[in-house]
Amino acid sequence: MNRREFLLSSAAFGAMMLAAPSVFAQDKLTILGSVPNLGFPFFVHMLNEIKAEAAAQGVNLTESDGQNSATKQTADIEAALVQKVNAIVISPLDVNALAPAIEEAVKAGVPVVTIDRRVDGVEGILAHVGADNVKGGEAEAKAMVAAFPNGAKIFHLQGQPGAGPAIDRNKGVHNVLDPLKDKYQIVFEQTANFARAEALSVTEAGLAANGKPDAIVCANDDMALGAMEACAARNFTDVKIYGFDALPEALVAVRDGKLAGTVEQFPGEQSRTAVRIAVAFAKDKTEPKEKLVLLTPIVIGKDNLDKAERIGETK
């Protein structure tokens, strides 16, 4: 081999080595991680945990923000199927609206693991990992009852209609309060769609029509923080407000006495567990030990802030 041939050969070898990472990257498994709406801090945290676990498992991740649109989230699933992803980890915006796309994925042989929001109408979903939201709603209501042993007048802000967690948390709250309705009266009950700004206006309307309540039970922290703002504007700072999700901002409010409590449902653990299940099956068809993994939520108050998953993010 002469010098020119050697240099050409070396250059070719170098180009091959530079290209190698992308070639090998294509051999890595790819999963879709899809959440309903990155406008909510809860889902930002959930997707961050999905990313972290995907990296730990050595797989590529295609990220999907549903942007609060079932149509957008459906389109993301369909695009992922065209790209031949190896597995899907998804928290569906609406369990009914997303069912056809999830069924399409299952029929295509792509393993699907749902998190946070369970889709009951589709056969063949590999697993669901979530919180027992009925128990979470019950725990939230029981914490409120314990704070008012002699009874209370209550506002109840419900979550987004059609969302599994909203349905289950509502059921849990009513499981506790309905048998006690002689002492614990829900005088105002309305959805605020898990949104802080909407909760602010809904609470303002409730206060105008019904006066000051003893407590406000909310299906997530964003609504609790909106309700807190509405009460503060009227100087109703002694109203006990309960949230759900244990967001860092809510944990600070609990620490400072502005919220009475928030329910921790361990979304990071949900996300990581779901990714591990999806990757194990995609790699070698390892079936999950359980098809339904439900973590038990707990109420976080001032006395047990250290139990919160995201306490390290508070300032």
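Residues numbered from 1 in each chain as written. Predicted model: local features only at pLDDT ≥ 70, side-chain atom pairs only at ≥ 80, totals over all residues. Heavy atoms only, no water.

Looking at the overall build of the protein chain
And step 1. Looking only at helices and strands, one finds ten helices and twelve strands in the protein chain.
And step 2. With respect to the three principal axes, the spread of C-alpha positions in the protein chain is 95 × 40 × 30 Å.
And step 3. Sequence-distant contacts in the protein chain: of pairs separated by 6 or more residues, those separated by 24 or more amount to 74%.
And step 4. Surface summary for the protein chain: the accessible area is close to 14500 Å², and the carbon and sulfur share equals 52%.
And step 5. Considering the protein chain, the positive charge centre built from 32 side chains and the negative charge centre built from 40 side chains are found 3 Å apart. (Helix = DSSP H or I, 4+ residues; strand = E, 2+ residues; numbered from the N terminus. Contact = heavy atoms within 4.5 Å. Areas by Shrake-Rupley, 256 points an atom, 1.4 Å probe, with all protein chains shown as cover. Lys, Arg positive; Asp, Glu negative; His and termini not counted. Charge placed at Lys NZ, Arg CZ, Asp CG, Glu CD.)

Focus: helix H8 (residues 221–233)
And step 1. A rise of 1.5 Å per residue sets the reference length of H8, with its 13 residues, at 18 Å; its end C-alpha atoms lie 18 Å apart and thus fit the reference within 8%.
And step 2. Turning to H8, its buried residues are Asp221, Asp222, Met223, Ala224, Leu225, Gly226, Ala227, Ala230 and Cys231.
And step 3. At the exit of H8 stands Asn235, carrying a positive phi of roughly 65°. (Expected span 1.5 Å × (residues − 1). Buried < 20%, exposed > 50% of the residue type's maximum accessible area, 1.4 Å probe, protein only.)

Side note on the sheet that holds strand E7 (residues 184–191)
And step 1. The strand order E7-E6-E8-E9-E10-E12 describes an open sheet built from six strands, whose pairing is mixed. At either margin of the open sheet sits one strand with a lone partner, and together these are E7 and strand E12 (298–300). With strand direction ignored, the average angle separating the axes of adjacent strands in the sheet is 20°.
And step 2. Two elements, strand E10 (residues 261–264) and E12, share three bridges in a ladder whose sense is antiparallel. Along E12, the bridge assignment pairs Val263 with Val299. (Pairing = 2+ DSSP bridges. Axes fitted to C-alpha atoms, helices over the stretch in contact; angles between N-to-C directions.)

What about the confidence of the model for the protein chain?
And step 1. Residues at a pLDDT of 70 or more form 92% of the protein chain, whose mean pLDDT is 91.
And step 2. A low-confidence stretch, residues 1–25 stays under pLDDT 50, and its non-local contacts, those more than four residues away or across chains, total two contacts. (pLDDT = per-residue confidence, 0-100.)

Focus on the packing of aromatic side chains
And step 1. The final tally for this structure, using the stated rule, is three aromatic pairs.
And step 2. Taking the centre distance of 5.2 Å and the plane angle of 80° together, the rings of Phe42 and Phe43 count as edge-to-face.
And step 3. Since its relative accessible area comes to 6%, Phe42 is described here as buried.
And step 4. Seen from their ring centres, Phe155 and Phe188 are 5.1 Å apart, and the 55° between their planes marks the pair as tilted. Highlighted residues: Phe155 in strand E6 (residues 152–158) and Phe188 in strand E7, separated in sequence by 33 residues.
And step 5. Using a relative accessible area of 0% as the deciding quantity, one classes Phe155 as buried.
And step 6. Pairwise contacts between aromatic rings join Phe40, Phe42 and Phe43 into one cluster.
And step 7. The ring of Phe244 has Arg169 lying over it, and the distance from NZ or CZ to the ring centre is 3.9 Å. (Phe/Tyr/Trp six-rings, centres within 6.5 Å; stacked < 30°, edge-to-face > 60°. Lys NZ or Arg CZ within 6 Å of the ring centre and 35° of its normal.)

Focus on the pattern of salt bridges
Any two side chains of opposite charge can pair, given that their charged atoms come close.
And step 1. Under the definition given, this model contains 16 salt bridges.
And step 2. Here Glu53 and Arg272 are joined by a salt bridge, their closest N and O atoms 2.9 Å apart. Of this pair, Glu53 sits in helix H2 (residues 41–57) while Arg272 sits in helix H10 (residues 267–284), and the two are 219 residues apart along the sequence.
And step 3. Exposure remark for Glu53: the relative accessible area of 5% places this residue in the buried category. (Salt bridge = Lys/Arg side-chain N within 4 Å of Asp/Glu carboxyl O.)

Some points on the packing of helix H5 (residues 133–147) against helix H6 (residues 164–177)
And step 1. The N-to-C vectors of H5 and H6 enclose an angle of 40°; their axes lie 7 Å apart at closest approach. In terms of orientation, H5 and H6 fall into the oblique class. Seen along the crossing, H5 lies across H6 with a hand that is right-handed. Contacts between H5 and H6 pair Asn133, Val134, Gly137, Glu138, Glu140, Ala141, Lys142, Met144 and Val145 from the former with Pro165, Asp168, Arg169, Lys171, Gly172, Val173, Asn175, Val176 and Leu177 from the latter.
And step 2. Looking at the contact of H5 with H6 residue by residue, the class counts come to eight nonpolar, four polar and six charged. (Parallel < 35°, antiparallel > 145°, perpendicular 65-115°, else oblique. Left-handed = near helix turned anticlockwise from the far one by under 90°. Nonpolar A, V, L, I, M, F, W, Y, C, P; charged D, E, K, R; others polar.)

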